[in-house]
Amino acid sequence: MIADALVIAAEHLGDDAPRVLARLRGFGTPAQRPRSAVLAAVRAPVPLGLRHVDPSWIESALAALPVRTRTALTECNDPVDVWLARWATATLPPITEPRDGLAWLTGIGTDQMAFALGEAARAMPALRAACARIAKPPRVGELGPKRAAIERCRDVSLDDDFAIVRVACRALAPHLAADQLAKLQLIRSLPRPLGLVVSRELALHAATSFDQCPSWAALTAH
């Protein structure tokens, strides 16, 4: 097993472990990764790149493991258990530059709702900030056709806790359809119930024409 082999190698290579394993795993130079750090990284049951994945996804992935393995993971001493944990989490993407996914989607969704409602949005406290944002660059003139924004908002219910997120995903979908890693990173950064909603909406609206959507600059503006 890969994890087993790496642990054994790290233990037997001694002070040479960082340099050798750097070639295999990209751990870095000896000065950057002392032997203790190499051993910790190799033995970690879940790769360090997954630290920004929402725990609910990791818990779901690990739920398929035997109870004995899940219990042993708290000690991180058994190479077999470490390998099994990494196998179970293999489909989770590394997130090296975390983004507050919910805040991002909420901003996009409220911008679209404010744009769709026009002047009527100014009377709604939840949309006042969005009304101010969309009146200035880089959003003004870059939010796509108003009719498309209205259509995105048409079937959402204010009783739906995910309404704003659904609207945001519909605006964002074609942009992320071309970047599957970014799509997966966004989904897995969110709590699993919300991530599943985002996944469905992004899939349903992936084929939307770009000329019916906000520009990437408008979607990523702070």
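Above: the structure in question.
Predicted, not measured: the structure shown is a model, and the values here were computed from it. (Residues numbered from 1 in each chain as written. Predicted model: local features only at pLDDT ≥ 70, side-chain atom pairs only at ≥ 80, totals over all residues. Heavy atoms only, no water.)

### So, the pattern of salt bridges
Pairing is possible between side chains that carry opposite charge, provided their charged atoms lie close to one another. Our working rule: The salt bridge criterion pairs a side-chain nitrogen of Lys or Arg with a carboxyl oxygen of Asp or Glu, the two atoms within 4 Å. In this text, helices come from DSSP runs of H or I with a minimum length of four residues, and strands from runs of E with a minimum of two, each type numbered from the N-terminal end.
Evaluated as defined, the whole model comprises eight salt bridges. We note a salt bridge from Asp-155 to Arg-170, for which the minimum N-O separation is 2.6 Å. With Asp-155 in the loop between α9 (146–154) and α10 (163–177) and Arg-170 in helix α10, this pair connects stretches of sequence that are 15 residues apart. Residues Arg-166 and Asp-160 are paired through a salt bridge, measuring 2.6 Å at the closest nitrogen-oxygen approach. Taken together, the shared-partner salt bridges connect Asp-155, Asp-160, Arg-166, Arg-170 and Glu-201 into one network.

### Brief notes about the packing of aromatic side chains
Put simply, the rule reads: A pair of aromatic rings is counted whenever rings of Phe, Tyr or Trp (Trp by its six-membered ring) have centres within 6.5 Å, and the orientation is called stacked for planes under 30 degrees apart, edge-to-face for over 60 and tilted otherwise. For each residue, the accessible area found with a 1.4 Å probe, counting protein chains only, is set against the maximum for its type, and the residue is called buried under 20%, exposed over 50%, and partly exposed in between. To sit over a ring, a charge needs its Lys NZ or Arg CZ within 6 Å of the ring centre and within 35 degrees of the ring normal.
Applying the stated rule across the entire model yields one aromatic pair. For the pair Trp-104 and Trp-216, a centre-to-centre distance of 6.2 Å together with 90° between the ring planes defines the contact as edge-to-face. Of the two residues, Trp-104 sits in helix α7 (residues 101–117) while Trp-216 sits in helix α13 (residues 216–220), which places them 112 residues apart along the sequence. Look at Trp-104 and you get buried, because its relative accessible area is 12%. Taking the relative accessible area as the measure of exposure, Trp-216 reaches 40% and is therefore partly exposed. It is Arg-99 that lies over the ring of Trp-104; its NZ or CZ is 4.0 Å from the centre. Above the face of the Trp-57 ring, Arg-188 is positioned so that its terminal group lies 4.1 Å from the ring centre.

### Focus: unusual backbone geometry
With an omega dihedral of 5°, the bond running from Pro-137 to Pro-138 counts as a cis peptide bond. Relative to the helices and strands, Pro-138 is located in the loop between α8 (128–134) and α9.

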